Amino acid sequence: MGLCYPFTLLHKSLRHWIEKKKLLKPTKIQELAIPKILEGKNVLLISPTGTGKTEAAILPVISKILQEKPKTEGVKAIYINPLKALTRNLRERIEKYTHFVGLRVRPLYG
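Note that the coordinates shown come from a computational prediction; the quantities given were computed from them, not determined experimentally.

Visitor: Lay out the nonpolar core with the relevant residues and their values.
Guide: Across soluble globular proteins, you tend to see nonpolar side chains buried next to one another. The biggest cluster of nonpolar side chains holds 16 residues, and the ones touching the most others in it are Phe7, Leu10, Leu14, Ile18, Leu59, Ile62 and Tyr97. Mapped by element, the contributors of at least two residues to this core are α1 (12–20), α2 (28–38), α3 (53–68) and α4 (87–100). No other element matches α3, which puts four residues into this core. Residues in contact with Leu14, not counting those within four places in the same chain, are Leu59, Ile62, Ser63, Leu66 and Val101.

What follows is the structure in structure tokens.
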């Protein structure tokens, strides 16, 4: 079984990572959000905990950075999370995704 839509829209490095992690079938929020974000639309994601909101938001942003290959260092993407308790977990997950595709993350705080 291969990747399902909308993962097929992502940069090939991310598709490879998703296949390696066996995340072949997107959640509903990922299915709805990823194509819109890749189109450059403004999106507000609201979904219960554990439904894949972080991946729905971060994977297409990483994909756009990889596809557009910015000429300058220091592309900025802001991820706002409502609970301070989730910050460490989110940072670790985002760093894991970006590390796999050769990007670095530097938080704006501390």
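Visitor: Pulling in residues and values, what's your account of the pattern of salt bridges?
Guide: Throughout the structure, instances matching the rule amount to four salt bridges. We note a salt bridge from Lys28 to Glu31, for which the minimum N-O separation is 3.9 Å. Linking Lys28 with Glu31, this pair stays in helix α2, spanning three residues, or about one helical turn. By relative accessible area, Glu31 is classed as partly exposed at 32%. Among the ionic pairs, Arg93 bridges to Glu55, the shortest N-O distance being 2.6 Å. Here the residue Arg93 occupies a position in helix α4, and Glu55 occupies one in helix α3, the gap between them amounting to 38 residues.

Visitor: Report on the packing of α3 against α4, specifying residues and quantitative values.
Guide: Running from N to C, α3 and α4 cross one another at 35 degrees; their axes reach a closest spacing of 11 Å. Regarding α3 and α4, the two cross each other, and that crossing is right-handed. Every residue of α4 that contacts α3 at Thr54, Glu55, Ile58, Leu59 and Ile62 is listed here: Leu90, Arg93, Ile94, Tyr97 and Thr98. Across the contact of α3 with α4, the residue classes tally to six nonpolar, two polar and two charged.

Visitor: Outline α4, listing residues and values.
Guide: With 14 residues, α4 should reach 20 Å at 1.5 Å per residue; the first-to-last C-alpha distance of 20 Å fits that figure. Listed as buried for α4 are Leu90, Ile94, Tyr97 and Thr98. With its buried residues spanning 95 degrees around the axis, α4 presents them on a single face. Of the residues in α4, the exposed ones pointing more than 90 degrees away from the buried face are Arg88 and His99. Residues of α4 that are buried sit in contact with α1 and α3. Downstream of α4 by a residue or two, Gly102 has a phi angle that is positive, lying close to 85 degrees.

About the thresholds
Residues numbered from 1 in each chain as written. Predicted model: local features only at pLDDT ≥ 70, side-chain atom pairs only at ≥ 80, totals over all residues. Heavy atoms only, no water. Core = buried A, V, L, I, M, F, W, Y, C linked by side-chain atoms within 4.5 Å. Buried < 20%, exposed > 50% of the residue type's maximum accessible area, 1.4 Å probe, protein only. Helix = DSSP H or I, 4+ residues; strand = E, 2+ residues; numbered from the N terminus. Contact = heavy atoms within 4.5 Å. Salt bridge = Lys/Arg side-chain N within 4 Å of Asp/Glu carboxyl O. Axes fitted to C-alpha atoms, helices over the stretch in contact; angles between N-to-C directions. Left-handed = near helix turned anticlockwise from the far one by under 90°. Nonpolar A, V, L, I, M, F, W, Y, C, P; charged D, E, K, R; others polar. Expected span 1.5 Å × (residues − 1). Arc of directions from axis to C-beta.

All we've got here are geometric facts, nothing functional implied.
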